[in-house]
Amino acid sequence: MDWKKGAAVVASAAAFSLVLAGCGANSASPTNSQNSTGTASTGKPVPGGNVTLDFIQNIRDLDPAIAYDTQSDEVVSQLYDQLVTWQGNTDNIVPMAAKDWTISPDGLTYTFHLHQNMKFWNGDPVTAQSFIDEFQRVLNPNLGSGGSGFYTIIQGAQAYFNKKASTISGLSAPDPTTLVIKLTKPEKFFLDTLTMPFISAVDQKFIDKVGNKAFDATQAMGSGPFELTSSDITPNQITLTKNPSYWRTDKYGNHLPYLNKVTINISNNDQLDTLHFEQGQTAWIGWNFGGDGIPASSYPQFMANPKYAGLTQSIIMNSVQYIGLNTTMGPTKNPLVRQAIEYAINKPDILRLNNGRGQIANQPLPPGIQGYVQNLPADATYNYDLQKAKDLLKQANYPNGFTIDLYSSNDGAQLTLDQGVQSQLAKVGIKVNIKASSWGTFLNVAEAGKAPMDWLGWIQDFPDASDFLNTLFNSNQIPVNNNMNYKNANVDTWLNQAEYSMDQQQRNQLYGQATDQIMKDAVWVPIWYDKFTAATQSWVHGFYIPAVGTDPIEWVWIDKSHQ
Amino acid sequence: MSLSELDIKPSQPFAPTPMVAKKQQLKSLREFPMLYLGGFIVLVLIVVAIFAPVLAPHNPDAVFQNGLNANGTPIAPNWEFPLGTDSNGRDILSRVIFGSRVSLTVGVVSTLINLFIGVVVGLVSGYFGKWVDTVLMRAVDTILAFPFLLFAMALVAVLGPSLWNVLFAIGILGWGTMARVVRGQVLSLKEFDYVQAERALGASHGRIMFRIILPNVIGPVIVLATLNVGMNMLTEAGLSFLGIGIQPPQASWGNMIQQGMNTYAFAPWTLWFPGLALVIAVLGFNMMGDGLRDLLDPHNATR
Amino acid sequence: MYAYLIRRISGAVVVLLGISIITFLLVYAVPADPARMIVGPKAPAAVVAAVRAQLGLNLPLPVQYIHYMDRLFHGDLGTSYIYSLPVAKMILQRIGPTAWLALWCWVAELVIGIPLGIYTARHARHKRDYIVSAVALVGISLPVFWLGLVLLYWFGFEIPILPLGGSGGIQYVILPAITYGITGAAYYTRLLKSSMLEVMGQDYVRTARAKGASERRVTWRHVVRNALLPVVTFGGIDIGYLLTGVVLIEATFNWNGLGMLAYTAIQNDDVPVIMGTVMLIAVGVVLFTLLVDIIYAAIDPRIRYE
């Protein structure tokens, strides 16, 4: 689960801070549209050919244990294999390196059976141990993996993490193709966490040879659809080459991937990158552009031109943009003030500043995730109403408003949104000072729980309500993730219960209760769920916006005439 | 590109000029159209800045319901919004008018800071010479060798982006050239007879530096300062472009350009007008500076 | 001469030490946690703490500085927090592209600036002088990124004859160089004009004229030649300064060079990279200035005793 960077747009000049990982959308989402001239085209895939892509940011990490931003994940997920993955653009989990698996009735023991004959590019075999090695790397605090928190539920993982044990007792490989994982508690979404590139098959022998630093920077050794050698990496360009002996096949029996070569140009200016696409130089605009696909700066012009608009597809993602209201400091300590702000924000007007790229939000959970509340109770629903806002402020003893600081990152597009909020709150007498700064400086304040008000976005790592509600509102997450310092004993109880329940029905109900309470308490002003818009050239096929994860490069094929 | 002492060099050293001679020069202002035009632009700029609330048709920070098209794009220039609207739906003309205040403040105040530090360092360094000079000139070398924009970025990142911090960052980093120019002038002035005479008569160091020498280095300093104002306005815009300039909603031409770059392709007026305002203002100061230099240039007197 | 050299070089060393200390202090004053930036927001506190300890971020600042300088003198610029690459390697990969870009930017300034300088000097105090000077001044008054973006849009997209940004060979250099040339040429124009006017007043020029040499010959043989010296000097210093200003051009044109590296590093609190690039650029500036000073001193012995 990660912060989605502000407006999720990287302004042309400030294109550098990280766009963090995760992603997603739900295929069942009503706004999911696939354009007829887009990539829904059917037909038998033709292997071969090369494509060129622009990346708006350099690759930070090649080590799957460390990579945690979209740009890195876009490449890393093509280099490495995970146990399980998502089926197409759905949120169904399907086999990958594990051809099948069983879960014990108590939900504590997972047994995976791996495919035979999987090999790393250097010929070394992929075995159950290749995954155990990676668990140990992720859970080694010295490596600095941002994903370690997902796997401490494994037996012995905490002890290993604290360096009180030299191995993880809950992991075993009875034979080279069987992997057994034992958990300390049942966790409904444990399989979801295994789809992330953190848990990829790695070749420990190779890593020992080159060292962890090089393995993260220049030396990849995976078993995935594309290969990368150190000579393929320059400051301007990264070249992925087809792994000729990759084991996965499509329904026609073709071995993946279809493309022979993917040339990635590092080009930090997303406006120019969009123009490259319009000139036909690059194959698609997707996660390679970060945040929301087609960047805000180019979106209106792009969509106004039927020639380009016809090449797009879009989905509503499992991510939410919101204004957090600090529950322990300043005027927003008072719930009445927070409710006043809920009523004073005109969400459609703010969404308009984002070129309408989103769906108005009324609660933290996006509609694509189970647990989303279809009909919120009246006292947890806020419709734009200036009079009500003013009345509430009067009741709270702020008849003339007050002054408050709004913290955010300082991307060009984010500032536009901040100013929208500023001018709206001015109408009820609240004077907003915008404190925008670079991403790191902003997080430093926000994650200390010291921002009276901030604008943040949150994006799934995997489509489970826990990834949103438990992480962002449980009082045990104060102040880093629950940085509005929200503490409600009932909400904590419900969230903790749902976290370890295996009964989805019950979980949905608990999350619904928590959502109602959180909205009654007006901790957040949820603004919108992001809309992701991708564009593909007419000669590109097989591309889809995945519900979870990055672009499906291994499934893309191109017209024979373009090869 | 930064200012250099070579912007001044051709005319140095300035000999101390009796006041009478300056009056005569004033008459010949017509010979210096650059000075006239530049001065006129600067004057207009100052008037606009002072009377911004009277001149602006709208509140510069007001977001207009009818300020955006249905698809969220800015509105092209029309009767209500003579220069169109920006991507927030605000009136660009009003923002350009109010932006003059910020740009002018940044340009002038940061130059005053440059001026103050530069003149003091230059005077002391040139006057006392020896180790004082060595130490201060190393400091000047240091400040001049810094990658200016990167350093300003880091400084603003530490202090937080606000008008005064941007001003401060530009002010505190941009005085090196000024110090060198003043020092050069002082070195040559020190040798003039009447300075030596004052010294012999027992005048204090402070008196000689500030009462005798300073008035005579003022010419090149004014030229450099005028050019510096325009340069600092550009620097502010550059910082805004890199995302660390004046924070909205306060309109500065720099942050308006930065915002306009995102909408340039389909709403070019969002980039053109603030850019044009900035160019004209900077041009005004540059022309004025060039004109002043020509005016004060001893070669002009002899030709 | 040797005494002068030693004095200048030791001065340069002092300057570089000063720069290293100030940069170090400044970078550490940025209110963001590099360890947190490396591991991402979701990492458990223990991971952040472990990374912080590994990087030596818990040590007192002076100790960190001494460690840094110690490694620096052993030729180790450290490893990028974000990209896990040796900083020296990252810089080496980008020195070439930045030097290449800077060279052409400089050439463009000269190519535009010098002819205008000669023209305005020859027509000094005529209408033509004022018009050309004013045009050159418009050039300096343009924000480089603003002009760059407009040129990119028109010549990269609407009339696609040049690449839309990116780093590479000569076709990628044309637009940035023209942009920089336009915004910088006036400095050379101004300088050359003053210098030529000064030379024109010299006796040997008057003599040449009196001897009946053609105006063209006087201008080219006597005036321009002699007036170019300050221009060359300024050019040397200017190349140094160009390195410090290159970040704007690189950011506008998507050029993957030193400026962008430093800029990204500042955004990401990537301390070793910030230190490495700032120091390198500073060394560049100091070296060019030193070189110019030494050449000057070699030509004009009086300077050594100043």
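Use the structure listed above.
Residues numbered from 1 in each chain as written. Chains lettered and ligands numbered in written order. Predicted model: local features only at pLDDT ≥ 70, side-chain atom pairs only at ≥ 80, totals over all residues. Heavy atoms only, no water.

Q: Run through the overall build of chain B, naming residues and quoting values.
A: When its secondary structure is counted, chain B shows 13 helices and zero strands. The long-range fraction of contacts in chain B, counting pairs at least 24 apart against all pairs at least 6 apart in sequence, stands at 74%. Total accessible area computed for chain B in this model is approximately 11600 Å², and 69% of it derives from carbon and sulfur atoms. (Helix = DSSP H or I, 4+ residues; strand = E, 2+ residues; numbered from the N terminus. Contact = heavy atoms within 4.5 Å. Areas by Shrake-Rupley, 256 points an atom, 1.4 Å probe, with all protein chains shown as cover.)

Q: Let's hear about the overall build of chain C: which residues, and what values?
A: Within chain C one finds twelve helices and zero strands. Each helix (α) and strand (β) of chain C, taken in turn from the N terminus, gives the series α-α-α-α-α-α-α-α-α-α-α-α. When the backbone C-alpha atoms are referred to their principal axes, chain C occupies close to 85 × 60 × 30 Å. The buried share of chain C, taken over its 306 residues, is 58%. A sequence separation of at least 24 residues applies to 72% of the contacts in chain C between residues at least 6 apart. (Buried < 20%, exposed > 50% of the residue type's maximum accessible area, 1.4 Å probe, protein only.)

Q: Now, about the pairing of strand β16 (residues 403-409) of chain A: what can you tell me, with residues and values included?
A: Residues and elements named next belong to chain A. With respect to burial, β16 is a largely interior element, five of its seven residues being buried. As paired strands, β16 and strand β18 (residues 453-459) are joined by two bridges and run parallel to one another. Its bridge partner lying in β18, Leu406 is registered against Met453. (Pairing = 2+ DSSP bridges.)

Q: Break down the interface of chain C and chain B for me, citing the residues and quoting the values.
A: Of the residues lining the interface, 54 residues belong to chain C; the matching set on chain B comes to 54 residues. Of the roughly 5100 Å² buried between chain C and chain B, counting both surfaces, carbon and sulfur atoms make up 74%. Taken together, the connections running from chain C to chain B amount to one salt bridge. Between C:Arg190 and B:Asp290 there is a salt bridge, with its nearest N and O atoms 2.6 Å apart. Counting the contacts that link chain C with chain B gives six residue pairs in polar contact (both at pLDDT 80 or more). (Buried area = accessible area lost by both parts, 1.4 Å probe. Salt bridge = Lys/Arg side-chain N within 4 Å of Asp/Glu carboxyl O. Polar contact = N/O pair within 3.5 Å; in protein donor to acceptor, adjacent residues only side chain to side chain.)

Q: I'd love a proper account of the packing of aromatic side chains, names of residues and values included.
A: How two aromatic rings sit relative to each other is given by the distance of their centres and the angle of their planes. Residues and elements named next belong to chain A. Taken as a whole, this structure holds 33 aromatic pairs over all chains when the rule is applied. Through a chain of ring-to-ring contacts, the aromatic side chains of Tyr68, Phe135, Phe150, Tyr151, Phe189, Phe198 and Phe462 assemble into a single cluster. Taking the ring centre of Tyr500 as reference, the NZ or CZ of Lys185 above it sits at 4.2 Å. Directly above the aromatic system of Tyr299 lies the positively charged group of Arg357, at a separation of 5.4 Å from the ring centroid. (Phe/Tyr/Trp six-rings, centres within 6.5 Å; stacked < 30°, edge-to-face > 60°. Lys NZ or Arg CZ within 6 Å of the ring centre and 35° of its normal.)

Q: Describe in detail the sheet that holds strand β10 (residues 226-227) of chain A, supporting the description with residues and values.
A: Read from one edge to the other, the open sheet built from four strands follows the order β3-β12-β11-β10 (chain A), with strand pairing classed as mixed. In this open sheet, the two edge strands, each paired with only one partner strand, are β3 (50-55) and β10 of chain A.

Q: Any chance you could break down the sheet that holds strand β9 (residues 178-182) of chain A for me, citing the residues and the numbers?
A: Note: strands within a sheet are paired through backbone hydrogen bonds, in either parallel or antiparallel orientation. All names here are of chain A. The sheet built from four strands is open, its strands ordered β6-β7-β9-β8 with antiparallel pairing. At either margin of the open sheet sits one strand with a lone partner, and together these are β6 (98-103) and β8 (171-175). The sheet shows a mean angle of 20 degrees between the axes of neighbouring strands, taken without regard to direction. Pairing geometry for strand β7 (residues 109-114) and β9, over five bridges, is antiparallel. (Axes fitted to C-alpha atoms, helices over the stretch in contact; angles between N-to-C directions.)

Q: How would you summarise the packing of helix α1 (residues 2-29) of chain C against helix α4 (residues 61-73) of chain C if you had to cite specific residues and measurements?
A: All names here are of chain C. Contact pair α1 / α4: the axes reach a minimum separation of 11 Å and the direction vectors enclose 130 degrees. When the axis of α1 is compared with that of α4, the two are oblique. The handedness of the crossing between α1 and α4 comes out as right-handed. Two secondary-structure elements touch here, α1 through Leu17, Ser20, Ile21, Phe24, Leu25 and Tyr28 and α4 through Leu61, Gln64, Tyr65, Tyr68 and Met69. Of the residues in the contact of α1 with α4, the class split is nine nonpolar, two polar and no charged. (Parallel < 35°, antiparallel > 145°, perpendicular 65-115°, else oblique. Left-handed = near helix turned anticlockwise from the far one by under 90°. Nonpolar A, V, L, I, M, F, W, Y, C, P; charged D, E, K, R; others polar.)

Q: Explain the interface of chain A and chain C to me, and be specific about the residues and the numbers.
A: Where interface size is given, it is often the accessible area lost as the parts come together that is meant. Listed as interface residues are 49 residues of chain A and, on the opposing side, 43 residues of chain C. Counting across the interface, chain A meets chain C through zero salt bridges. In this assembly, chain A and chain C are joined by ten residue pairs in polar contact (both at pLDDT 80 or more). Elements represented by at least two residues in the side of chain A that touches chain C include exactly β1 (2-4), α6 (212-217), α7 (270-278) and α14 (439-446) of chain A. At five residues, α7(A) tops the list of elements feeding residues into the side of chain A that touches chain C.

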